[in-house]
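Now for the letters of each chain:
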Amino acid sequence: MAKRTVSLLQLLLLLVVVFEVCVPASAQVCRLISQPSLPLLSAERDINIGAIFSIHISAQLKMHAFTSKPGPTTCASLSLREFKFAQTLIFAIEEINNSTQLLPGISLGYKIYDSCGSIVQAIFSGMALMNGYEETLSDTSCSRPPAVHAIVGESNSSPTIALASVVGPFSLPVISHFATCACLSNRKRYPSFFRTIPSDYYQSRALAQLVKHFGWTWVGTVRSRSDYGNNGIAAFEEAAKKEGICIEYSETILRTDPQEQFLKTLEVMKRGTARVVLAFVALRDFFPLVNVIAQHNITGLQWVGSESWITSRTVAETKEYSFLSGAVGFAIANAKLVDLREFLVNVHPDQEPKIELLKEFWETAFQCSFRNSGSGGCTGSERLAELQNEYTDVSELRIANKVYTAVYAVAHTLHHVLKDFRSSTNSSKREWPTPQKVLEYMRNVRFTVKTGEEIFFDASGDPVARYDLVNWQPAGNGGLEFKHVGVYDSSLPSEQHLQVNQEHVLWAGNSGQLPVSTCSESCLPGTRKAVKKGRPVCCYDCIPCAEGEISNVTDSSDCFPCHLEFWSNESKDRCIFKVVEFLSYTEIMGMLLCVFSFTGVLLTALVSFLFYLHKETPIVRANNSELSFLLLFSLSLCFLCSLTFIGRPTEWSCMLRHTAFGITFVLCISCVLGKTIVVLMAFRATLPGNNVMKWFGPAQQRLSVIFLTLIQVIICVVWLTISPPFPYMNSSYYRDKIILECNLGSALGFWAVLGYTGLLSVLCFVLAFLARKLPDNFNEAKFITFSMLIFCAVWLTFIPAYVSSPGKFTVAVEIFAILASSFGLLFCIFAPKCYIILLKPEKNTKKQMMGKSSAKAL
């Protein structure tokens with residue numbers, strides 16, 4: 001019902017204004033029905049500036065029956081701060097009038113209205129400033145100069161929004177010193193609005209950066225249920241979301257709320273786990289909240305404040321509010337206005353006895369009454385200079401300076417307008433600019449005030465955002481003082497906007513330790529955040545990174561995979577080079593294979609030495625001793641070529657290992673094949689009339705070995721020419737290490753080499769198998785058959801093992817196949833002969849070699 005009454009009252013006031021402004025052409029005179037609205041403080045001169053302040057804290061709203069004329073609104077509780085703003089405006093105007101540089105020959109006047117903190121009164125005051133307050137209007141009223149050329153005010157955002165909405169269509173500039181709502185930057189809705197205080201858009205972003213700077217990701221918020229609080233917190237929440245900050249709770253309060261609402265807010269704060277509370281609250285709404293907190297002795301919270309209350313002397317000097325010690329927040333930059341204190345303390349009711357406001361101020365300042373003649377009565381002899389309160393204190397002129405700046409902005413605008421008027425007209429008659437012209441010039445005004453600050457407005461009517469970061473620290477008198485601990489300047493590069501001297505900050509409870517306010521403990525490097533289901537993003541579990549992934553910062557949202565050649569370390573916070581694995585000489589497997597390789601070479605050398613010592617004996621000379629020595633030589637090469645597979649693969653070693661393997665084994669098999677053919681030819685040569693040995697004598701045997709080996713050499717040359725093997729870092733087998741191996745280059749070349757070797761082996765095996773039953777006493781074909789059987793078995797087994805073995809085990813399998821087949825040939829072919837030479841020398845005779853044997857063959 002109260003809200004409906006206010007709306008109807010607003011409509012009624014607007015209708016009254018319409019009757020005032022819109023005079024029918026036929027009417028000669030019209031009379032104002034309601035009582036005219038008069039300024040509380042005024043001095044009319046050449047050009048007047050209007051001003052609206054909340055000089056009284058509240059307006060006593062009444063229920064109207066609409067059966068009679070409503071009486072004037074009654075206001076209560078004079079605000080020393082707002083009265084100080086009004087006196088600062090008068091001080092600035094008097095300073096300009098005494099200046100010979102600014103508006104020379106022009107005298108500025110003022111009309112100051114009281115909005116009483118009421119939206120309705122702000123609209124009513126704005127209408128009065130536009131139209132004047134004469135009781136009668138005539139045809140000539142619309143042609144006279146406007147009552148004021150600009151309006152300074154209001155102090156609060158909601159009344160200012162209403163004021164700017166009403167006067168905006170008439171192009172009358174409104175310049176506020178304390179209305180910070182970001183919504184007022186909307187040029188379409190508020191085309192004539194300017195302000196000398198930064199928009200809450202910047203303050204909200206600055207607060208979000210401040211909270212992020214201190215590492216607080218879990219905060220609670222309390223806001224005024226007004227345009228100031230709602231828009232400010234909305235902008236903060238948007239910026240906080242981008243900074244990764246979560247809001248646990250968001251409470252709203254208003255000074256007119258019942259006690260139960262403040263107790264409810266208090267309970268929410270007590271139950272919350274956030275240790276940081278951001279209070280985006282108008283000063284008048286803040287008092288009831290801190291009173292309730294003080295009564296319930298709630299301490300330990302870190303307060304972050306908006307500029308509305310963060311520099312309030314009244315709050316800071318109240319000992320009961322000591323729990324606010326350590327509070328931080330952004331305040332408008334402080335300034336020093338020379339001679340302002342002298343001007344303030346010279347205010348006295350006797351200067352204007354008819355102005356009741358001065359008497360009310362005097363009574364409020366000295367807590368006395370002019371109506372009492374005895375104790376507690378005001379005498380007028382009291383001295384403001386001896387008083388220490390919010391009015392006389394000029395150490396904190398942050399907002400008062402913005403009033404001062406607003407007046408100078410209007411004055412400089414008028415100065416440029418009038419200067420251009422004088423240069424464009426030769427008329428001696430003085431012309432005053434219209435509000436539209438003042439608005440046009442104000443958009444481009446640029447000047448420097450005495451404090452050294454350069455003032456100009458952007459396209460939205462906002463100044464450059466500069467804030468002081470203040471910290472509440474204990475003062476000697478038991479109260480709190482404001483300590484400057486940083487700055488925020490939106491004109492600097494983005495990374496330099498916020499600058500904090502953290503070592504000078506004193507935190508809640510007078511602690512030097514930075515408070516921690518997080519929903520979850522920070523996730524250390526090597527882990528990532530996993531948001532808990534149904535909770536804000538700031539509430540999470542810490543999950544270790546997977547193998548091969550790292551996070552090298554605290555509170556990382558993701559783990560990042562290492563590059564191909566890197567792998568995560570044990571703590572998963574750094575990528576390190578993967579272990580490069582290859583079969584080396586230093587590891588046990590490599591050493592064992594080397595030992596077996598050198599053992600094979602040594603055994604082959606011993607057999608060669610033994611055969612050389614007994615080279616004239618029948619068992620050595622039988623079946624072409626030259627082929628036997630060549631076979632022993634090729635076996636030595638086979639044992640040695642396995643060493644090329646051990647060690648770090650290089651371009652040359654990769655080409656050497658496969659080609660050396662292929663050529664030496666073909667040489668070895670060619671010798672065995674030659675010996676097998678010799679056995680077959682020798683048997684046929686014993687038949688009557690058969691002279692086949694002349695076609696396969698020693699020369700032909702050598703040529704066959706050379707020819708068969710040359711084919712393998714040609715295959716290897718073609719392979720190396722077209723697509724040779726090369727070192728290759730293979731990371732497909734293992735995720736945590738790299739296998740350094742030899743890529744075949746051309747798989748066809750490798751299998752051609754292996755296939756040709758296998759073909760000769762199979763051919764040798766078949767011929768030896770056919771010759772196994774020849775009736776010699778010492779039939780070498782039997783042992784060749786055994787050796788080829790072993791050889792073929794080894795290499796047939798090698799193929800699947802080679803394909804399926806990963807990494808360095810592929811090389812080990814290949815070496816094992818080389819050594820096993822080499823040892824098979826060495827033992828199967830030469831061990832029986834060595835046995836006879838060393839242990840059965842009586843059988844090493846020609847007669848024994850040529851004798852028939854009745855023993856069963858294989």
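Remember, it's a predicted structure, so these values are computed and weren't measured experimentally.

Conventions used here
- Residues numbered from 1 in each chain as written.
- Predicted model: local features only at pLDDT ≥ 70, side-chain atom pairs only at ≥ 80, totals over all residues.
- Heavy atoms only, no water.
- Helix = DSSP H or I, 4+ residues; strand = E, 2+ residues; numbered from the N terminus.
- Buried < 20%, exposed > 50% of the residue type's maximum accessible area, 1.4 Å probe, protein only.
- Contact = heavy atoms within 4.5 Å.
- Axes fitted to C-alpha atoms, helices over the stretch in contact; angles between N-to-C directions.
- Parallel < 35°, antiparallel > 145°, perpendicular 65-115°, else oblique.
- Left-handed = near helix turned anticlockwise from the far one by under 90°.
- Nonpolar A, V, L, I, M, F, W, Y, C, P; charged D, E, K, R; others polar.
- Disulfide = S-S within 2.5 Å.
- Patch = residues over 30% accessible without salt bridge, like charges linked within 9 Å, V, L, I, M, F, W, Y side chains within 5 Å.
- Areas by Shrake-Rupley, 256 points an atom, 1.4 Å probe, with all protein chains shown as cover.
- Salt bridge = Lys/Arg side-chain N within 4 Å of Asp/Glu carboxyl O.

Among the secondary structure elements, Phe582 is positioned in the loop between β27 (579–581) and α14 (588–613). Judged by its relative accessible area of 18%, Phe582 is buried. Here the alpha-carbon distance between Phe582 and Leu740, two residues 158 residues apart in the chain, equals 5.5 Å. Among residues more than four places away in sequence, those in contact with Phe582 are Glu587, Gly647, Arg648, Pro649, Leu740 and Lys808.

What follows concerns the packing of helix α5 (residues 200–213) against helix α6 (residues 227–243). Two numbers describe how α5 lies on α6: the axes approach to 8 Å, and their chain directions differ by 45°. On the basis of their axis angle, the class for α5 and α6 is oblique. Seen along the crossing, α5 lies across α6 with a hand that is right-handed. Note on element contacts: α6 touches α5 through Tyr228, Gly232, Ala235, Phe236, Ala239, Ala240 and Glu243, opposite Asp200, Gln203, Ser204, Arg205, Leu207, Ala208, Gln209, Val211 and Lys212. The residue makeup of the contact of α5 with α6, split by class, is eight nonpolar, four polar and four charged.

What follows concerns the environment of Leu656. Note on placement: Leu656 falls in helix α17 (residues 651–685). Once residues lying within four places of it in the same chain are set aside, the contact partners of Leu656 are Thr644 and Phe661.

Remark: α14 packs on helix α16 (residues 625–641), axes separated minimally by 8 Å, with the N-to-C direction vectors making an angle of 165°. Classified by the interaxial angle, the pair formed by α14 and α16 is roughly antiparallel. Crossing geometry of α14 relative to α16 is assigned as left-handed. Mapping the contact onto sequence places Ser597, Gly600, Val601, Thr604, Val607, Ser608, Phe611 and Tyr612 in α14 and Ser628, Phe629, Leu632, Leu635, Ser636, Phe639 and Leu640 in α16. A breakdown of the residues in the contact of α14 with α16 according to their chemical character gives nine nonpolar, six polar and no charged.

Glancing now at the state of the cysteines. With the rule as written, the count across this model stands at nine disulfides. Cys562 shares a disulfide with Cys575; S-S distance 2.0 Å. In this structure the cystine formed by Cys562 and Cys575 twists about its S-S bond by roughly -90°; its chirality is therefore left-handed. Remark: Cys575 occurs in strand β26 (residues 575–577) and Cys562 occurs in the loop between β24 (560–561) and β25 (566–568); sequence separation between them is 13 residues. According to the relative accessible area criterion, Cys562 is buried, its value standing at 13%. Among the residues examined, Cys575 registers a relative accessible area of 25% and is labelled partly exposed. Here Cys654 connects covalently by a disulfide to Cys742, the sulfurs 1.9 Å from one another.

Among the surface-exposed residues, Leu710, Ile714, Val718 and Ile722 lie close enough to one another that they form a single nonpolar patch of about 390 Å² accessible area. Among the secondary structure elements, Leu710 is positioned in helix α18 (residues 698–722). Residue class for Leu710 comes out partly exposed when judged on its relative accessible area of 45%.

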